[in-house]
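# Topology and contacts: notes
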Amino acid sequence: MRPQDITKHSERQVCFFILGREKELCAQEVHSYLTRQGVDFVVLHDTTSLGYLLLSIPTEFTPHIEHVGGTIKWGVATLGQSGKSQIKKDVLRILTSCVVDDNLTFGLTLWDKAPKASDFMMRDIKKDLSDYSVRFLPSSKLISSRTLRKNKLIESSTDISVFIHGDNVYIGQTKEVQDVDAYTARDVGRPDRPLSTGIMPPKLAQMMINLAQVNNFHALLLDPFCGSGTVLQEAHLMGYKNLMGSDADHKAIDYTSKNLAWFKIPPEDFKLSQCDARKIGEKIPGTIGAVVTEPYLGPHREHADSYEIARINDELSSVYQGMINSVSTKLIPHGRIVMVFPRRSDTNRHTSMPFVNTKNLGLIELPSFIHYREGQNIARVIRIFEKV
Ligand SMILES: C[S@@+](CC[C@H](N)C(=O)[O-])C[C@H]1O[C@@H](n2cnc3c(N)ncnc32)[C@H](O)[C@@H]1O
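Residues numbered from 1 in each chain as written. Predicted model: local features only at pLDDT ≥ 70, side-chain atom pairs only at ≥ 80, totals over all residues.

## Some remarks on the overall build of the protein
Of the regular secondary structure elements, the protein holds 10 helices and 16 strands. Over its C-alpha trace the protein gives a radius of gyration of 23 Å, about what one expects of a compact globule, namely 21 Å for 388 residues. For the protein, the spread of C-alpha atoms along the three principal axes comes to 70 × 50 × 40 Å. Each of the 388 residues in the protein was classed as buried or not, and the buried ones make up 41%. Counted over contacts in the protein with a minimum sequence separation of 6, partners at least 24 positions apart contribute 75%. (Helix = DSSP H or I, 4+ residues; strand = E, 2+ residues; numbered from the N terminus. Rg over C-alpha atoms; globule rule 2.2 N^0.38 Å. Buried ≥ 20, exposed ≤ 12 C-beta atoms within 10 Å, placed from the backbone. Contact = placed C-beta atoms within 7 Å.)

Pasting the structure below:
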């Protein structure tokens, strides 16, 4: 379906999206994913901090979970009735309709601020299903997507989420679960993984590509620090057909070339070039739809003092600024640069990032997002610059 076919007058349904670890980033990714496809969506409740989104979207639109790295599962919900016994009834009605040969395998998650009430309801539901041979996956705030897939819940039975917002109760059935193994295979399965320069997780690459909000699959999508080609690989999987990767290191170009061939990307869909990112604009004859990139983030030094960090940031600033200067004149109006910046903490726990000045380049900066794993001494800050 083309974006313009999804109009304000279409029939609507409530969809839920269960978000990954960085909730703000994952929620913004869903917004950007829908926006770039022209989907007219309405946020029903402010629930990002609770780890999910409830959106009203046209029924014609079906999300593709393999294109939304920050969503763990999504599904369709209906409005139920409030009150413990009514919710229980509604859930039981769905569950009993899924019984096959007296067998039922199901997952049930209650997204409620009162976990005690939830546990009580769970026990009740189990009791009411005692006539059947029931396999029940215990409630936690989130059933891991790995568990869901291992038990093939979506294919063979059902996974229910209940979202309680005062009197508004939504009973959701999962439609798709993130294929964690497929992401791992695309990451560790590649022929060339230069661990020394750092590899970005494919899920993060997808989130950043969605944040770029490119709605034309033939607009040029550029990664000027392409490393091993993660951004290009994921962008192609998401449908983009005009990709360009460049890197100062010829080895990175070789890695990317091998990896994209392994990924069976047709050569006409991408171009690779060995080039310093500060000069990349000169190599591009036309316009750039978006830049999505994780540049060199500097050395991973623990316990660096503020002088050392200032020195690293100065060095990185000059490369980042040079790249942004070089691409900014070629960016189409509203074209975005979505870029990872490293945020370091010094021995006094002061944090800082490389500085770039985008004021005179016709770029505005949009809100940024943190991507951080416990134990890492550099946090990734996803910054977004948009051409006015
Ligand atoms: C963190 S890696 C990119 C990782 C990549 N996103 C991936 O997942 O494979 C950074 C890359 O920047 C390249 N690089 C460093 N300085 C550069 C410069 N001035 N111009 C272009 N590339 C540069 C390095 O060779 C390295 O391949």
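## Let's talk about the site of the ligand
With respect to spatial proximity, 20 residues lie near the ligand, and among them Phe-225, Gly-227, Thr-230, Ala-248 and Ala-277 are the closest. In terms of residue class, the shell around the ligand is made up of 11 nonpolar, 5 polar and 4 charged. (Near = placed C-beta within 6 Å. Nonpolar A, V, L, I, M, F, W, Y, C, P; charged D, E, K, R; others polar.)

## Here's the deal with the pairing of strand S15 (residues 363-371)
Pairing between S15 and strand S16 (residues 378-387): 7 bridges, direction antiparallel. Along S16, the bridge assignment pairs Phe-369 with Ile-382. Counting the residues in the hairpin turn of S15 and S16 gives 6 residues, including Gly-375, whose phi is positive at 95 degrees. (Pairing = 2+ DSSP bridges.)

## Describing unusual backbone geometry
Across the chain, the bulk of peptide bonds are trans and the bulk of non-glycine residues have phi less than zero. Positive phi outside glycine occurs at Gln-213, with the angle close to 55 degrees. By the secondary structure assignment, Gln-213 is in the loop between helix H7 (202-212) and strand S9 (221-223). Of note, the phi angle at Lys-264 is positive, near 60 degrees, even though the residue is not glycine. Within the secondary structure, Lys-264 is located in the loop between helix H9 (250-262) and strand S11 (270-274).

## Concerning the domain arrangement of the protein
Frequently, the measure chosen for interface size is the accessible area removed from exposure when the parts meet. Each assigned domain of the protein is listed with its residue range as follows: domain 1 (1-178) and domain 2 (188-387). Distance between the C-alpha centres of domain 1 and domain 2: 34 Å. For the side of domain 1 that touches domain 2, the class distribution of residues is 4 nonpolar, 8 polar and 4 charged. (Domains from an automatic or database assignment.)

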